[in-house]
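As a plain string of letters, each chain reads:
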Amino acid sequence: RCLGWHAGHRCTFPRDQRLRQSKEDSCIDCHMPRYAAADIPHTAATDHRILRRLTPVAEEGEAFPRGAGEPEKRYAIKPFYGGNTASDRELARDQAVALTRLISMGKGEPRHVARQVLDLLSETLATCPDDVPAWEAQGAALRVLGRTREALSAFEKALQYAPRREYALRAAGRLAEEIGDLDKALIYWRRAVDSNPQAADYHGNLAQLLARRGDWEAAREQCQIWLRLDPGSLEARKLWVRCLRKQGDRQAARAEMELIRRLEQ
C-alpha cells in the first residue's frame, strides 16, 4: 500500500543518483535503511509508526485522538517506556521534571512548556509533599510564567526537605532579590556559600548583594574569595575596585583599573 501510494508521487532525486544508492531503484533501501537493534540513538529517537491517516491538531497542546474520549496531550518530550514501568502519576512527575530541564536548555516554547509542567505536577505535590525535585520543577515553571512569589514559595518548600540543596538555594536567592527582599536573599546566598564554598559565583552573588546593602567590609571579604576562585572575572575585579575606593585605597584601585583595562583589550 505504501509503494502504491508513492507510485503516483515521483522521487525528486534524478534516476542516476537513485541507482547509485540502490541498483533496484528501491525507495525502501534509500529511505528506510536497516539499523541494528543495538543502535540505541536510532531506536530511541525515531518514530517508527506508519500512520494510516493524519488527524489535524485540534488545539494547542492536543495531538491525534486515540479514539473516543479526550484527546492525548502533546508534550515536547514523553516517557520512553510509556506506562509499563510506573504508575501514571509517577510518569507525569518524571515528565514534568524532564520538561523543566528542556526549558533550561533553551528548547521548546518556555511558557507553553511551563504550563504543561504545572499540569503534570498538580497531583504529585498533593500526594507527595516531600518530593524535592518536583517542588524545584514547580518553582522553575512558575518563574518562567512570571509568578515570582509563588516560585519562591515552591523553592522554599524544596529547602524545607533538603536545606543544602544547591539548585534550590540559588533559585531562592535570585527570586528573593527579584522581589526586593534583600534580607531573605542574603540568607539564601550565605547558605549557598556554606553548602559549596568552592563555587565562585556564590561568593560573587553574595559580594554584590552585600555591596548593595552598603556592607563594604563584608563585600570586600567575599570579593577576595571570588577573585581567588575566579581570577579572570572582570565583574569580580570591577567590584573589587569599588571596595578599594570605598575604603579609601585609591592607589590600589587605580592599579586594579589598569589591570582591567589590559584584560579587556
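Rules of the game
- Residues numbered from 1 in each chain as written.
- Predicted model: local features only at pLDDT ≥ 70, side-chain atom pairs only at ≥ 80, totals over all residues.
- Heavy atoms only, no water.
- Helix = DSSP H or I, 4+ residues; strand = E, 2+ residues; numbered from the N terminus.
- Contact = heavy atoms within 4.5 Å.
- Core = buried A, V, L, I, M, F, W, Y, C linked by side-chain atoms within 4.5 Å.
- Buried < 20%, exposed > 50% of the residue type's maximum accessible area, 1.4 Å probe, protein only.
- Axes fitted to C-alpha atoms, helices over the stretch in contact; angles between N-to-C directions.
- Parallel < 35°, antiparallel > 145°, perpendicular 65-115°, else oblique.
- Left-handed = near helix turned anticlockwise from the far one by under 90°.
- Nonpolar A, V, L, I, M, F, W, Y, C, P; charged D, E, K, R; others polar.
- Phe/Tyr/Trp six-rings, centres within 6.5 Å; stacked < 30°, edge-to-face > 60°.
- Salt bridge = Lys/Arg side-chain N within 4 Å of Asp/Glu carboxyl O.

So, about the environment of Arg 93. Structurally, the position occupied by Arg 93 is in helix α5 (residues 88–104). Not counting chain neighbours up to four residues away, the residues in contact with Arg 93 comprise Leu 121, Thr 124, Asp 131, Pro 133 and Ala 134.

In terms of nonpolar packing, the biggest core is built from 62 residues, with Val 117, Leu 121, Trp 226 and Leu 239 touching the most fellow members. Leaving out residues up to four positions away in the same chain, Leu 121 has contacts with Arg 93, Ala 96, Ala 134, Ala 137 and Gln 138.

Before going further, it helps to spend a moment on the packing of helix α11 (residues 182–195) against helix α12 (residues 200–212). Relative placement of two packed helices is described by the angle separating their axes and the distance separating the axes. One way to put it is that α11 packs onto α12 with a least axis distance of 9 Å and a crossing angle of 150 degrees. If you check the angle between α11 and α12, you find them roughly antiparallel. Note on packing geometry: the crossing formed by α11 with α12 is left-handed. Only Tyr 202, His 203, Asn 205, Leu 206, Leu 209, Leu 210 and Arg 212 of α12 make contact with α11, whose side of the interface consists of Leu 182, Ala 185, Leu 186, Trp 189, Arg 190, Ala 192 and Val 193. Residue composition of the contact of α11 with α12, by class: 10 nonpolar, two polar and two charged.

In this section: the packing of aromatic side chains. For the structure shown, the criterion picks out two aromatic pairs. Residues Trp 189 and Tyr 202 carry aromatic rings whose centres are separated by 6.2 Å and whose planes lie at 50 degrees to one another, so their mutual orientation is tilted. Of the two residues, Trp 189 is situated in helix α11 and Tyr 202 in helix α12; the sequence distance between them amounts to 13 residues. On the accessibility criterion, Tyr 202 (3% relative accessible area) is buried.

Right, let's get into the pattern of salt bridges. Side-chain pairs of opposite charge can arise whenever the charged atoms involved come near each other. This structure, assessed with the given rule, holds 16 salt bridges. Between Arg 93 and Asp 131 there is a salt bridge, and its shortest N-O distance comes to 2.8 Å. Residue Arg 93 is found in helix α5, and its partner Asp 131 is found in the loop between α7 (124–127) and α8 (132–144); the two are separated by 38 residues along the sequence. As far as the burial class goes, Arg 93 and Asp 131 line up, both buried. Residue Glu 177 is joined to Arg 212 by a salt bridge in which the shortest nitrogen-to-oxygen separation is 3.3 Å. Of this pair, Glu 177 sits in helix α10 (residues 166–178) while Arg 212 is found in helix α12, placing the two residues 35 residues apart along the sequence. Taking the relative accessible area as the measure of exposure, Glu 177 reaches 22% and is therefore partly exposed. Residue classification places Arg 212 among the exposed positions, given a relative accessible area of 54%. Beyond isolated ion pairs, a larger network of salt bridges with shared partners links Arg 15, Arg 18 and Asp 25.

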